[in-house]
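Now for the letters of each chain:
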Amino acid sequence: MRTSNEESLALTGGGVEERGIVSGRATVGGVGLRRLSPTYASTLLAIERNPEGALPVMGTGRAAGGAGYACRPGLGVHRAIAQVQANLRRFPWFAKVDVDGYFPSIDHACLKRLLARRFKGADFLALLGRIIDSSPAAPGRGLPIGSLSSQHFANHYLDGADRFLLDHPLVCAHVRYMDDTLWWGQDRESVRQVLADFRVWLADERRLRLKATFQVNRSERGVTWCGARVLRGALRLTPSKQRRYRHGYRQWEDAWLAGDIDGLALQRVRRGIRGDTAHRQCPLAKTPPRTAPFGL
């Protein structure tokens, strides 16, 4: 009869010893691991093979009614933009803020305390602590941008911010994409009051500060969010993104005219642009090329 440890190893495909985890030679993100029990070794393997499976355990956004949209299955950029547009239609005023130097400013001690509330087991918490401490930023602060674990740690770090805004009596709704946060209120004064309270909460609870630049405006004027200009009745690419798309497509056109690529390759490029901009009112997607090959 199998023990619980043997069953957990079977669920992850076994072979813990062959990966070197039990022997103490394994590394995660360049961090060497000490000898782990089979239970925690199998947990590590499961997360490594299926990192999205750790998201429900992290619980990011659950307490806030799904207000966090970054790095969560089914809650990406498009869903965040759609929710922002829906809130613009419902509420008259909004505020948009951004944390100043978010990833380099995350406090390691605070993050470890938050993770200790979610996870149990000294071995596993020690493993997470060694991953966090491997950051090349200033001692005791920062997470490496681009690391798979960093995006989940950073999202979880502001889960309390979602709870704060959800419970605030002056907040009608809010949306957060990593450290970019929007909330809505009934008037300018209430939105600004939330801004002042939010600054204090971030400084006291997460040792973070907001950028000096922020936006408080009427919802009818729209907002720039996740690379799109979001209006109550339309979605548009920002001018900078339109310029980048045009510049990039002209380079592909020049390559086609020079004979470096064929017409089918140029068609695929244009279809890709159309696919990325079809859900937004973007004149770039409708502009014909200078010379259309094969009815492009």
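Everything below is about the structure shown above.
The structure reproduced in this document is the subject of the present report. Remember, it's a predicted structure, so these values are computed and weren't measured experimentally. (Residues numbered from 1 in each chain as written. Predicted model: local features only at pLDDT ≥ 70, side-chain atom pairs only at ≥ 80, totals over all residues. Heavy atoms only, no water.)

## Here's the deal with unusual backbone geometry
Phi is mostly negative for residues that are not glycine, and the peptide bonds are mostly trans.
Working step 1: Even without glycine at this site, Met178 takes up a positive phi of about 60 degrees.
Working step 2: With respect to the element layout, Met178 can be found in the loop between strand E4 (173–177) and strand E5 (180–185). (Helix = DSSP H or I, 4+ residues; strand = E, 2+ residues; numbered from the N terminus.)

## Notes on the packing of aromatic side chains
Aromatic ring pairs are defined here through the distance separating the ring centres and the angle between the ring planes.
Working step 1: Tallied over the entire structure, the rule returns 5 aromatic pairs.
Working step 2: For the pair Trp183 and Phe198, a centre-to-centre distance of 5.6 Å together with 75 degrees between the ring planes defines the contact as edge-to-face. A residue pair is termed long-range when its members are at least 10 positions apart, and Trp183 in strand E5 and Phe198 in helix H11 (residues 188–206) qualify at 15 residues. As far as the burial class goes, Trp183 and Phe198 line up, both buried.
Working step 3: An aromatic cluster is present here, built from Phe164, Trp183, Phe198 and Trp201 joined pairwise through their rings.
Working step 4: One Lys or Arg, Arg270, reaches over the ring of Tyr249 and ends 5.4 Å from the middle of that ring. (Phe/Tyr/Trp six-rings, centres within 6.5 Å; stacked < 30°, edge-to-face > 60°. Buried < 20%, exposed > 50% of the residue type's maximum accessible area, 1.4 Å probe, protein only. Lys NZ or Arg CZ within 6 Å of the ring centre and 35° of its normal.)

## Considerations on the pairing of strand E3 (residues 93–98)
Working step 1: In terms of burial, E3 is largely enclosed, as 5 of its 6 residues are buried.
Working step 2: Sheet analysis places E3 next to E5, joined by 6 bridges and oriented antiparallel. If you follow Phe94 over to E5, its bridge partner there is Trp184.
Working step 3: As paired elements, E3 and strand E6 (residues 215–218) share 4 bridges and run antiparallel to each other. Bridging across to E6, Trp93 finds its partner in Arg218. (Pairing = 2+ DSSP bridges.)

## A look at the nonpolar core
Working step 1: Tyr102, Leu111, Leu143, Phe153, Tyr157, Trp183 and Phe198 are the most contacted members of the largest nonpolar core, which has 38 residues in total.
Working step 2: Residue assignment for this core shows that the elements contributing at least two residues are E3, helix H6 (102–105), helix H7 (108–118), helix H8 (122–133), helix H9 (148–157), helix H10 (159–167) and H11.
Working step 3: Per element, the largest residue contribution to this core is 6 residues, and it comes from H11.
Working step 4: Judged by nonpolar contacts, the second largest core, of 17 residues, contains Ile81, Leu88, Val175 and Trp184. (Core = buried A, V, L, I, M, F, W, Y, C linked by side-chain atoms within 4.5 Å.)

## A closer look at the side chain of Thr181
Working step 1: Tracing the backbone through its elements, the reader meets Thr181 in strand E5.
Working step 2: If we skip the residues at most four places from it in the chain, Thr181 touches Ala95, Lys96, Val97, Leu165, Val175, Arg176 and Trp225. (Contact = heavy atoms within 4.5 Å.)

## Quick word on the packing of H7 against H8
Working step 1: H8 packs onto H7 with a crossing angle of 155 degrees between their chain directions and a minimal axis gap of 11 Å. When the axes of H7 and H8 are compared, the pair comes out roughly antiparallel. Considering only the axes of H7 and H8, their crossing is right-handed. Along its contact with H7, which presents His108, Leu111, Lys112, Leu115 and Ala116, the element H8 presents Leu125, Leu128, Gly129, Ile132 and Asp133.
Working step 2: Here the residues of the contact of H7 with H8 are counted per class, giving 6 nonpolar, 2 polar and 2 charged. (Axes fitted to C-alpha atoms, helices over the stretch in contact; angles between N-to-C directions. Parallel < 35°, antiparallel > 145°, perpendicular 65-115°, else oblique. Left-handed = near helix turned anticlockwise from the far one by under 90°. Nonpolar A, V, L, I, M, F, W, Y, C, P; charged D, E, K, R; others polar.)

## Considerations on the layout of surface pockets
Working step 1: Space inside the second largest pocket adds up to approximately 260 Å³.
Working step 2: Looking at the second largest pocket, the residues that line it are Cys110, Arg113, Leu114, Arg117, Arg118, His156, Asp159, Gly160, Arg163, Trp201, Glu205 and Arg206.
Working step 3: Elements with a contribution of two residues or more to the lining of the second largest pocket: H7, H10 and H11.
Working step 4: When its residues are assigned to classes, the lining of the second largest pocket shows 3 nonpolar, 2 polar and 7 charged. (1 Å grid on protein atoms, 1.4 Å probe; cavity = no way out; pocket = protein on both sides within 12 Å on 5 of 7 lines; lining within 4 Å. Points joined across faces, edges and corners; volume = space filled by probe spheres on them.)

## Comments concerning helix H12 (residues 239–257)
Working step 1: For H12, spanning 19 residues, the distance from its first C-alpha to its last is 27 Å, which sits close to the expected 27 Å at 1.5 Å a residue.
Working step 2: For H12, the full list of buried residues reads Gln242, Tyr249, Glu253, Ala255 and Trp256. One side of H12 carries all its buried residues, which in axial view fall inside an arc of 160 degrees. Across from the buried face of H12, at angles greater than 90 degrees, the exposed residues are Arg243, Arg244 and His247.
Working step 3: Once H12 finishes, Gly259 follows within two positions and takes phi at roughly 85 degrees, a positive value. (Expected span 1.5 Å × (residues − 1). Arc of directions from axis to C-beta.)

## Brief notes about the pairing of E4
Working step 1: Where burial is concerned, most of E4 is hidden: 4 out of the 5 residues are buried.
Working step 2: In the sheet, E4 pairs with E5 via 5 bridges, with the strands oriented antiparallel. In the sheet register, Val175 faces E5, and the bridge partner there is Leu182.
Working step 3: From the end of E4 to the start of E5, which pair antiparallel, there are 2 residues, and Met178 there has a positive phi angle of about 60 degrees.

## Description of the sheet that holds E6
Working step 1: Strand order in the open sheet formed by 4 strands is E4-E5-E3-E6, and the pairing between neighbours is antiparallel. Bordering the open sheet on either side are E4 and E6, each of which pairs with just one other strand. Recorded for the sheet is a direction-independent mean angle of 15 degrees between the axes of neighbouring strands.
Working step 2: Sitting on the sheet, helix H5 (residues 77–90) is in contact with E3, E4 and E5, with an inclination near 155 degrees to E4.
Working step 3: Contacts from H11 reach E3, E5 and E6, with the element oriented near 140 degrees to E5.

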